[in-house]
Amino acid sequence: MTVPRWPFRRTHDSEPQTTKVAGPGTPAATFSPSQVAALINSVSVGQQIPGISSPLPRTDPMVAFGPGVPLFPAAIDPVRPDTGRPEPRFSEYPVSSNLPGVTDRLVPWKVLRDAADAGGLPRRCIEIRKAEVTTLDWAITITKQAVEAAQADSDRPRAEVEQELRQRLSTEIVRCSTFWERPDPGQDEDFCEWLSKLLEEHLVLDAVAIYPRLTYGGDLYALEILDASTIKVLRDHRGGRPAPPNPAYQQLLWGFPRGEFIADTDADGDLPGGLPADRLVYKRRNARAHTPYGYSAVEQALEDVDVWLRRRRWIRDEYTEGTLPTGYLKNSGAAQWTPSQTAEYETILNDTYSGSSSARHRLRVLPPGMEIESPPDFGEKYRPEYDLFLIKQIAAHFDVTIAELGFTETGGLGSSGWHEGQADVQHRKATLPTSRWLQQLLTSVSRKHLGMPAELEFRFLGLEEEDAGAADEVAAARVDAGRMTYNEDRDRLGLPRYDFPEADMPMVRTARGLVFLDGASKLTPPGELVTPVEGPPLADADADGVLDAPHGPDTDTAVAGEDAGRADVVKAELAAFRRWSRRNPSPSRRFEFTLVTKADAPGLAGDPRIVFAPQGGDARPKDGDRPGHWPGWDRDLATAAVWVPRITEAMTGAVDARGLAGRWLAEQLMKADEPDEPDTSGWDAGDDGSGEISPWAVTAALAFLHRHQITVVPALAVLRLVWLEGYAIGYQSAQSLLNGHERVSTWGWAEGDTSRARDLLPGDVREQFSQWSHQTGRWAVSIGSSRLKALARVLAGGRDQGVAELVSRIRAALGDLAWAHSVAVTEITRASSAAAQDAYRRAGVQQIYWGSELDERACDVCIDNAGAGPLPIGTAWPSGVDAPPQHTSCRCWTYPA
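Now for a quick tour of the structure. A quick note: this is a predicted structure, and the numbers were derived from the prediction, not measured.

### So, the overall build of the protein
Link 1 in the chain: Each helix and strand in the protein was counted, giving 26 helices and 20 strands.
Link 2 in the chain: The buried share of the protein, reckoned over its 897 residues, is 40%.
Link 3 in the chain: Long-range contacts, defined as pairs at least 24 residues apart, comprise 64% of the intrachain contacts of the protein with a sequence gap of at least 6.
Link 4 in the chain: For the protein, the exposed surface amounts to about 49600 Å²; the carbon and sulfur share of it is 53%.

Here is the structure:
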């Protein structure tokens, strides 16, 4: 770019100095300073001196008490030839700011580096933020824009278009993915380590300097992360980033420029001259107009960190130096001692008692006028609430909650410290914005320096908006109402379309099934209700249309018709049992009669597969008195599905999988290097040759986890929120049964919205839940210990694996969806049962029945419990428990007698 010369230049004449004004194509004229000032002041509106800034017109009328006429600007930058006026500067930067030692930074880089490691608290916040992002999975994917653009030029379905794009770009996807798995091979850094360094620079300095190191052939070899505190950001004359080929950055080492680099793009975002080896990528998250530097979380927290460190130093001095004496001797002046005599006596007295416990128990006569006085109580200075307040302030700058730091929030739900909605707020404020910024940065770097096609992008997986659940509910309602098709909903999510035609047909969901709107008017005459088309009878139906079992195929419970005589019902139940027996030669559960007793079928009395109805004198409820449906079944599985990803997210974030795998494999390698000794205990055996993990190896791995203080119990604080929603489900279900209904008309909150669920509970019920959840916290410890054993099995079986494979297995064990679903269902049942019994007590119910699940998962133990009622509330059932759940994934329930 050609920079126009400054129109004024000094001559070498004697004083007074003169200035030459040069217009385009005209010889320079020489003026004195007073003449130049007169020329500028004499410029009238609409006139312009060639080569000098032309002011804008002044057309406002002169009025009394007006704002005044603006002064004519004196340009210090080159003027534009089309306007005759200069362009504005980005900021009023320091003069000669491009020189070493000249900067407008208020806080030196070293101060930020030191503060990041000060006192442990900022460092812990940084590590938590880094772990949130580095543990995310990632992929090179096709952008939504590319799919939409390709679909706009084609009549084919979206799924076919996306599949074609994926096949065409598969080579590029593999190439870019392979590079990002190890972005800096020179430093032997995989993506997790490389990203950890980048986040360190972002959180501490808010300055990320990436050097694209090229091979001599011009190919990208590595993306090296430099210490951004050594990079000096240069300015052009306007205060902005100099465009290529001008240098935009310099690296200052030992106070002097040791290298200079140009920006990776010009003002238009292009790459002029290809990819020379002296380019540098310099990014900041918090961009500000008055400075080219960012504003990091550490810099924002400096003042609070300083107060925290000063308080810690004061407390430390209290324990080391002893700044406050435990007592004073008050001199009333009766002894009339001189200051030197007082000091001498003080020395003798302290020397007498120093280090001698026996001397402190002896009486000592004080001189006349001496009285012992104790200092006031300074306990307020040591209140832990103030320390917690400082911790909250520092953690807020890093968008970290104190629960993640291991501190308990006083007054929180069940004293858990993790209140409702806090996980969503944390995700919205910290993880999601940072991940989105990194996605854009890495996508831009990949396209510019790696040559990634514009149709591809770098994307972190598993990111969801905070209101994704609410958006899904709205979309589901629109699909069910026929206002949106399944494929339109998948377009909203950016997912491939279904290729079957029904996915593009609007439909209405009814209680009896789905009704497709297309052609519905042809199925039913006008004025009649449109209903789903009836299917053919089931193959197992009798000639009368009666199913094998009144509750449907493959059910184990036979229910009598209300109007049938007893003999007919007994006959029907026996026939249903015979058909069930033929279809289930080895049943997983027993067949339960509701009316047939041992007296009705003495030949079947010894069959272990049968549960007979009680005799006439049995206290079990009659068929009409026993509810056949637990209202909580309409809610528990859907609620568990919402909590499964939250549980797995908490578990995977509780352990540094890569660090754990590295320490474990390093310890195994050290053991392998030790001299071989005969091992008869089997302690070090992993696989015992049969494909099974040795119990001794699992015990050794468990000892390793305890030795390194690895625990997942804090992550299971999320169970308190699961219990809260389960408690609300149980309370409303019990109220519905007490009112004679087997269904809850409306629950009042969306699955996973614990804040709303808690608000719907009466105040005394919320208090009861707080007490119950505090006592039930032992289950979190038990669940955590069980999961730690599973983690130990993974380590024991991964002694000969690589770090990457072991890390994958550790994360899979911690994020096991099946395990998380089992935990969610079990704990919802536990809380629902407790809430139901609390509701029964409040209603005056004294005895309850045990209701078993009405599907194939009801075990023999639960069935025996169901046959033992009624029992007083709180009494142990035959299995030994006082309430459901009896086992993992149990969905049993209790109902009032």
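### Comments concerning the nonpolar core
Link 1 in the chain: Among the nonpolar cores identified, the biggest contains 81 residues, and Ile647, Leu705, Leu719, Tyr727, Ile810 and Tyr840 are the most heavily contacted of them.
Link 2 in the chain: Ranked by residues supplied to this core, first place goes to helix H25 (residues 817-842) with twelve residues.
Link 3 in the chain: Formed by 40 residues, the second largest nonpolar core is a distinct cluster that contains Cys125, Ala209, Leu226 and Ala395.

### Brief notes about the packing of aromatic side chains
For any pair of aromatic rings, the description rests on two quantities: the centre-to-centre distance and the angle between the ring planes.
Link 1 in the chain: According to the stated counting rule, one finds 26 aromatic pairs in the structure shown.
Link 2 in the chain: Between Phe769 and Trp772, the aromatic rings sit 6.2 Å apart at their centres with planes inclined by 35 degrees, giving tilted as the arrangement. Highlighted residues: Phe769 and Trp772, both in helix H22 (residues 763-775), separated by three residues, approximately one helical turn. For the pair formed by Phe769 and Trp772, the shared burial category is buried.
Link 3 in the chain: Centre to centre, the rings of Tyr849 and Tyr895 are 5.2 Å apart; their planes meet at 25 degrees, and the pair counts as stacked. In this pair, Tyr849 sits in strand E18 (residues 847-851) while Tyr895 sits in strand E20 (residues 893-896), placing the two residues 46 residues apart along the sequence.
Link 4 in the chain: For Tyr849, a relative accessible area of 7% puts it in the buried group.
Link 5 in the chain: Accessibility expressed as a relative area gives 3% for Tyr895, which makes it buried.
Link 6 in the chain: Members of the aromatic cluster, each reached through a chain of ring pairs, are Trp138, Phe179, Trp180, Phe191, Trp194, Phe458 and Phe460.
Link 7 in the chain: A cation sits over an aromatic face here: Arg105 above Trp109, 3.9 Å from the ring centre.

### So, the environment of Val712
Link 1 in the chain: Topologically, Val712 is positioned in the loop between helix H19 (695-707) and helix H20 (719-738).
Link 2 in the chain: In sequence terms Val712 and Ala780 are 68 residues apart; their C-alpha atoms lie 9.4 Å from each other.
Link 3 in the chain: In contact with Val712, other than residues within four places in its own chain, are Met651, Ala654, Val655, Gly784, Arg787 and Leu814.

### Focus on the packing of helix H3 (residues 121-134) against helix H7 (residues 191-204)
Between two packed helices, what matters for the description is the angle formed by their axes and the separation of those axes.
Link 1 in the chain: Packing of H3 against H7 brings their axes to within 10 Å, and their N-to-C directions diverge by 135 degrees. Between H3 and H7, the angle falls in the class oblique. The interaxial crossing formed by H3 with H7 has right-handed handedness. Contacts between H3 and H7 involve Arg123, Ile126, Glu127, Arg129, Lys130, Val133 and Thr134 from the former and Cys192, Leu195, Ser196, Leu199, Glu200, Leu203 and Val204 from the latter.

Cut-offs applied
Residues numbered from 1 in each chain as written. Predicted model: local features only at pLDDT ≥ 70, side-chain atom pairs only at ≥ 80, totals over all residues. Heavy atoms only, no water. Helix = DSSP H or I, 4+ residues; strand = E, 2+ residues; numbered from the N terminus. Buried < 20%, exposed > 50% of the residue type's maximum accessible area, 1.4 Å probe, protein only. Contact = heavy atoms within 4.5 Å. Areas by Shrake-Rupley, 256 points an atom, 1.4 Å probe, with all protein chains shown as cover. Core = buried A, V, L, I, M, F, W, Y, C linked by side-chain atoms within 4.5 Å. Phe/Tyr/Trp six-rings, centres within 6.5 Å; stacked < 30°, edge-to-face > 60°. Lys NZ or Arg CZ within 6 Å of the ring centre and 35° of its normal. Axes fitted to C-alpha atoms, helices over the stretch in contact; angles between N-to-C directions. Parallel < 35°, antiparallel > 145°, perpendicular 65-115°, else oblique. Left-handed = near helix turned anticlockwise from the far one by under 90°.

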